[in-house]
Protein chains: 2
Amino acid sequence: MTIGSFIPPQRTLMGPGPSDIYPQVLQALSRPTIGHLDPLFIGMMDELKQLLQYAFQTQNPFTIAVSAPGSAGMEACFVNLVEPGDTVIVCRNGVFGDRMRENVERCGGIAVMVDNAWGEPVDPALVAEALTAHPEASIVAFVHAETSTGALSDAEAIAKLARQHDCLTIVDAVTSLGGVPLLVDEWQLDAVYSGSQKCLSCVPGLSPLTFSARAIEKIQARKTPAQSWFLDQSLVLGYWSGEGKRSYHHTAPVNSLYALHEALVLLKNEGLEQAWQRHRDMHQTLRAGLEALGITFVVDEAHRLPQLNAVYIPEGVDDAAIRARLLNDYNLEIGAGLGALAGKAWRIGLMGYAARRENVALCLRALETCLK
Amino acid sequence: MTIGSFIPPQRTLMGPGPSDIYPQVLQALSRPTIGHLDPLFIGMMDELKQLLQYAFQTQNPFTIAVSAPGSAGMEACFVNLVEPGDTVIVCRNGVFGDRMRENVERCGGIAVMVDNAWGEPVDPALVAEALTAHPEASIVAFVHAETSTGALSDAEAIAKLARQHDCLTIVDAVTSLGGVPLLVDEWQLDAVYSGSQKCLSCVPGLSPLTFSARAIEKIQARKTPAQSWFLDQSLVLGYWSGEGKRSYHHTAPVNSLYALHEALVLLKNEGLEQAWQRHRDMHQTLRAGLEALGITFVVDEAHRLPQLNAVYIPEGVDDAAIRARLLNDYNLEIGAGLGALAGKAWRIGLMGYAARRENVALCLRALETCLK
């Protein structure tokens, strides 16, 4: 069998990610590859650190992009911060909280689960209870914006409770970064990871990551090395650190980092507050249109993510058939439900470059036509 | 400070990788992103598996690309195949054998080291001795083509010894894949990983990986889950498997996979044997030119990699100054020495698209001028 070049169609990506990519980012992606130890590349990495610090609203010197997708960013937090026998309070209100539990257990830690229903935010009162019941806990882990349900949790409140009990926080900001306020320094979050392919509208494959001074202290005080060599941030630090000679750790994904740099330049030029406002505005337009079609939201208004709209599939509608029609007739991707919401909900993303008036218009008209 | 777009120069990449990228691969990289569960993307992944099977010369159904660089491909082999307490014979004749030891130990395994000098191949007689001395060993791990020294080891012979002692093999083929013969099925290798950015001339960030039926059996018989969630191939299998519905594991690096697909289409069109011959031919031309400059090789002719030429820096020559001049005056990157060879050797890569007559000519003339 002869296999030729793969020529993908031009889709409009309004699922849970990857989101629509800025044309400038695709352009940056295909610029000439240079060496990962080239002085010009190292200069680019220094800029990238500054741009990531802006996006995360942090001064943390350890602010980098993990050379792998968000799931690896999650794992980088757990393998570096959890030592065998550590107790970690894990908040679970969707798929990704459960993945955090998996991570804790694979690190030899003990996961104490704080459960909220799918579609609800994490309840800080339950976190407080768990902290009181488990004075041995050293970490609280939670998802800021649950990609599986579209619920936003109060990261500031949870982090405050954690500090009161002398715990570090591990925060999943995969879907929140760039879409809703995320103030790493002001809220005193300790280990925060994200993904390139959500509200940053960069290609998938990288995971922005920032560690506070408290997190770095815990890593430096480890009694055993991190179980992962690839994700051992005490080694990665030698490559990303701004001081003097870079030490080789692994070959950086050069072109993907060009793309992330460009996406962050675009975010900085727009301004974080303006980007957040744009996500809110587009969400309001989408919401009005969906409600006019009789479609209801999974998450209460107070905790709803503007960039990820989980809505119930109307009664009697064939989930897969509608999504296939949107894809085939309109080149429009919306997301299926995940986990407990599989077959019951759709997830309509308005992330980064996808949060534009023309996308909302396309989505509403196409849905209206297909649902008739 | 205002940070603008990063515009890299056009370098000629003749270091140890990343190598020069095919223009067609950069073009493929920037094609429109589609969803990682899009039926068209899944079709592309099926083609990619076939293309990887061709490159590896294997029929292994489990043949994929890990969504992260070669170091993660290495770790994927160890975390899946090594269980706590397992004894692993690790051959070390350069940097990457030692990284294998790190991996074994972080998995809770016991590494039995077989050492050869830097620049020498692994000696099968020493492997045989270690196998006899350690009947409890279950795995033999070695580097086929040592990127740090340019030495090629006899993978077929080592794998045969391993099988005689009922051991699986973990093989680093990061620099060998596409550059020299690597016959996974004929040589009966069990777990083989590579990198996208060497002789495949694709962008860095992906790690081709193949597991034999024996390796899959060992994974399925594990008593404990792999310590890495991200690299747990029993989970990844659900996403890459050709049968029926794909299950979501992590968001695939969509555009990088387009690029790898294109690079493998180019390799298939050229033909593996032709690619191997081109590497040999370019190596002979480079070698003649280097010898004319009085430059000598680190590795004996019999075990020398055509695609990675480690040569001694001539007496009295300032390593860093020459490399900086090549980079600044000629936009030419050659590699520094690594580990025991730091400051003593250069590594001149002729990998994939970089193995062209014009590159060899540029390198020889530029070196001649700079060394005067």
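Residues numbered from 1 in each chain as written. Chains lettered and ligands numbered in written order. Predicted model: local features only at pLDDT ≥ 70, side-chain atom pairs only at ≥ 80, totals over all residues. Heavy atoms only, no water.

Taking an unreviewed UniProt entry as the reference, chain A is identified by name as Alanine--glyoxylate aminotransferase belonging to Photobacterium aphoticum. One UniProt comment on chain A, placed under Sequence similarities (unreviewed entry), says "Belongs to the class-V pyridoxal-phosphate-dependent aminotransferase family." (UniProt positions renumbered as here; feature names shortened; annotations may be inferred.)

Peer 1: What is the right way to look at the overall build of chain A in this model?
Peer 2: Of regular secondary structure, chain A possesses 12 helices and 13 strands. Taken over C-alpha atoms, the radius of gyration comes to 21 Å for chain A, in line with the 21 Å a tight globule of 372 residues would show. Looking at chain A residue by residue over its 372 residues, the buried ones come to 65%. Here the analysis covers contacts within chain A between residues at least 6 apart in sequence; of these, 73% occur between residues at least 24 apart. Carbon and sulfur atoms make up 51% of the accessible area of chain A, which totals about 12,500 Å². Taking the 29 positively charged and 40 negatively charged side chains of chain A as two groups, their mean positions are separated by 4 Å. (Helix = DSSP H or I, 4+ residues; strand = E, 2+ residues; numbered from the N terminus. Rg over C-alpha atoms; globule rule 2.2 N^0.38 Å. Buried < 20%, exposed > 50% of the residue type's maximum accessible area, 1.4 Å probe, protein only. Contact = heavy atoms within 4.5 Å. Areas by Shrake-Rupley, 256 points an atom, 1.4 Å probe, with all protein chains shown as cover. Lys, Arg positive; Asp, Glu negative; His and termini not counted. Charge placed at Lys NZ, Arg CZ, Asp CG, Glu CD.)

Peer 1: Sorry if this is basic, but what is going on with the domain arrangement of chain A here?
Peer 2: When the parts of a complex come together, some accessible area is lost, and that lost area is often taken as the interface size. Residues and elements named next belong to chain A. Assigned domains within chain A: domain 1 (12-18 + 271-371) and domain 2 (23-268). Each partner contributes to the interface: domain 1 provides 26 residues, whereas domain 2 provides 32 residues. Summed over the three residues of domain 1 that lose the most area to domain 2, namely L272, W276 and L305, the buried surface amounts to 27% of that side. Our enumeration of links across domain 1 and domain 2 arrives at zero salt bridges. Considering every element that reaches the side of domain 1 that touches domain 2, the biggest residue donor is helix α10 (residues 272-292), with four residues. A class-by-class count of the residues in the side of domain 1 that touches domain 2 yields 17 nonpolar, seven polar and two charged. (Domains from an automatic or database assignment. Buried area = accessible area lost by both parts, 1.4 Å probe. Salt bridge = Lys/Arg side-chain N within 4 Å of Asp/Glu carboxyl O. Nonpolar A, V, L, I, M, F, W, Y, C, P; charged D, E, K, R; others polar.)

Peer 1: It is not clear to me how empty space enclosed by the protein should be interpreted in this structure. Could you clarify?
Peer 2: This structure, assessed with the given rule, holds five cavities of 30 Å³ or more. Taken as a whole, the largest cavity spans an internal volume of roughly 80 Å³. Residue lining of the largest cavity: 14 residues in total, with G205(A), P253(A), S256(A), G205(B) and S256(B) positioned closest to the centre. Considering only residue class, the lining of the largest cavity consists of eight nonpolar, six polar and no charged. (1 Å grid on protein atoms, 1.4 Å probe; cavity = no way out; pocket = protein on both sides within 12 Å on 5 of 7 lines; lining within 4 Å. Points joined across faces, edges and corners; volume = space filled by probe spheres on them.)

Peer 1: Looking at this model, I keep getting lost on the sheet that holds strand β4 (residues 110-115) of chain B. Mind explaining?
Peer 2: Backbone hydrogen bonds are what pair the strands of a sheet, in a parallel or an antiparallel way. Residue and element names in this part refer to chain B. Taken together, seven strands build an open sheet; the order of strands is β2-β10-β9-β8-β5-β3-β4 and the sheet is mixed. At either margin of the open sheet sits one strand with a lone partner, and together these are β2 (63-66) and β4. Taking each pair of neighbouring strands and ignoring which way they run, the sheet shows an average axis angle of 20°. Inspection of the sheet shows β2 paired to strand β10 (residues 207-211) by four bridges, in the antiparallel sense. Opposite A65, over in β10, you have P208 as the bridge partner. The strands that helix α8 (residues 233-240) touches are β2 and β10; relative to β2, the one it contacts most, it runs at about 110°. (Pairing = 2+ DSSP bridges. Axes fitted to C-alpha atoms, helices over the stretch in contact; angles between N-to-C directions.)

Peer 1: When you look at the interface of chain B and chain A in this model, what are you seeing that I'm missing?
Peer 2: Counting from both sides, the interface comprises 70 residues of chain B and, opposite them, 70 residues of chain A. Interface area, chain B with chain A, both sides summed: about 6,000 Å², of which 63% is carbon and sulfur. Summed over the three residues of chain B that lose the most area to chain A, namely F6(B), R106(B) and W229(B), the buried surface amounts to 14% of that side. At the boundary of chain B with chain A, the tally comes to 21 residue pairs in polar contact (both at pLDDT 80 or more). Elements with a minimum of two residues in the side of chain B that touches chain A: α1 (23-29), α2 (39-56), α3 (70-81), α4 (95-106) and α9 (254-270) of chain B. Ranked by the residues each element gives to the side of chain B that touches chain A, the list is headed by α9(B), at eight residues. Here the residues of the side of chain B that touches chain A are counted per class, giving 36 nonpolar, 22 polar and 12 charged. (Polar contact = N/O pair within 3.5 Å; in protein donor to acceptor, adjacent residues only side chain to side chain.)

Peer 1: It is not clear to me how the environment of P69(B) should be interpreted in this structure. Could you clarify?
Peer 2: In this structure, P69(B) sits in the loop between β2 and α3. Apart from residues lying up to four places away in sequence, P69(B) is in contact with S67(A), F230(A), H250(A), T251(A), G205(B), L206(B) and S207(B).

Peer 1: When you look at the relation of the copies chain B and chain A in this model, what are you seeing that I'm missing?
Peer 2: Think of it as a corkscrew move, a rotation about one axis and a shift along it, taking one chain copy to the other. When chain B is brought onto chain A, the operation consists of a screw motion whose angular component is 180° and whose axial shift is 0.0 Å, with 0.0 Å RMSD remaining. Both copies are brought into coincidence by an operation consistent with a two-fold rotation axis. Using C-alpha coordinates, one finds that chain B approaches the rotation axis most closely at A68(B), a distance of 2.5 Å. The residues that chain B uses at the interface reappear at the interface of chain A in 100% of cases, marking a shared surface. (Least-squares fit on C-alpha atoms with pLDDT ≥ 70 in both.)

Peer 1: Which parts of the structure should I look at to understand the sheet that holds strand β12 (residues 332-336) of chain A?
Peer 2: Residues and elements named next belong to chain A. Spatially, β1-β12-β13-β11 is the arrangement adopted by the four strands of the open sheet, whose pairing is mixed. Either end of the sheet is taken by a strand with one partner, and the two such strands are β1 (12-14) and β11 (308-312). Strand after strand, the sheet turns through a mean of 30° between neighbouring axes, direction not considered. Sheet strands touched by helix α12 (residues 357-371): β1, β12 and β13 (345-349). Its angle to β1, the strand with the most contacts, is close to 85°.

Peer 1: Could you clarify how one ought to interpret the packing of aromatic side chains in this entry?
Peer 2: Geometrically, a pair of aromatic rings is defined through the distance of the ring centres and the angle of the planes. Evaluated as defined, the whole model comprises eight aromatic pairs over all chains. Seen from their ring centres, F6(A) and Y258(B) are 5.5 Å apart, and the 50° between their planes marks the pair as tilted. One end of the pair, F6(A), is in the segment before β1; the other, Y258(B), is in helix α9, on a second chain. Y258(B) sits in the buried class, given a relative accessible area of 2%. The rings of F6(A), F41(B) and Y258(B) are connected pair by pair, giving a single aromatic cluster. Against the face of F297(A) rests R304(A), its NZ or CZ located 4.0 Å from the ring centre. (Phe/Tyr/Trp six-rings, centres within 6.5 Å; stacked < 30°, edge-to-face > 60°. Lys NZ or Arg CZ within 6 Å of the ring centre and 35° of its normal.)

Peer 1: Honestly, helix α11 (residues 319-330) of chain B in this entry has me stumped. Any pointers?
Peer 2: Given 3.6 residues to a turn, an α-helix orients residues that are three or four positions apart in the same direction. Over its 12 residues, α11(B) extends 16 Å from the first C-alpha to the last, a length consistent with the 16 Å expected when each residue adds 1.5 Å. For α11(B), the complete set of buried residues consists of D319(B), I322(B), L326(B) and L327(B). The buried residues of α11(B) occupy an angular sector of 130° when projected down its axis, which confines them to one face. Along α11(B), exposed side chains directed more than 90 degrees from the buried face belong to N328(B) and D329(B). In this fold, the buried residues of α11(B) make contact with α2 (39-56) of chain A together with β12 (332-336), β13 (345-349) and α12 (357-371) of chain B. Capping of α11(B) at its N-terminal end is provided by D318(B); its side-chain oxygen lies 3.3 Å from the backbone amide nitrogen of A320(B). Positioned one or two residues after α11(B), N331(B) has a phi angle of 50°, which is positive. (Expected span 1.5 Å × (residues − 1). Arc of directions from axis to C-beta.)

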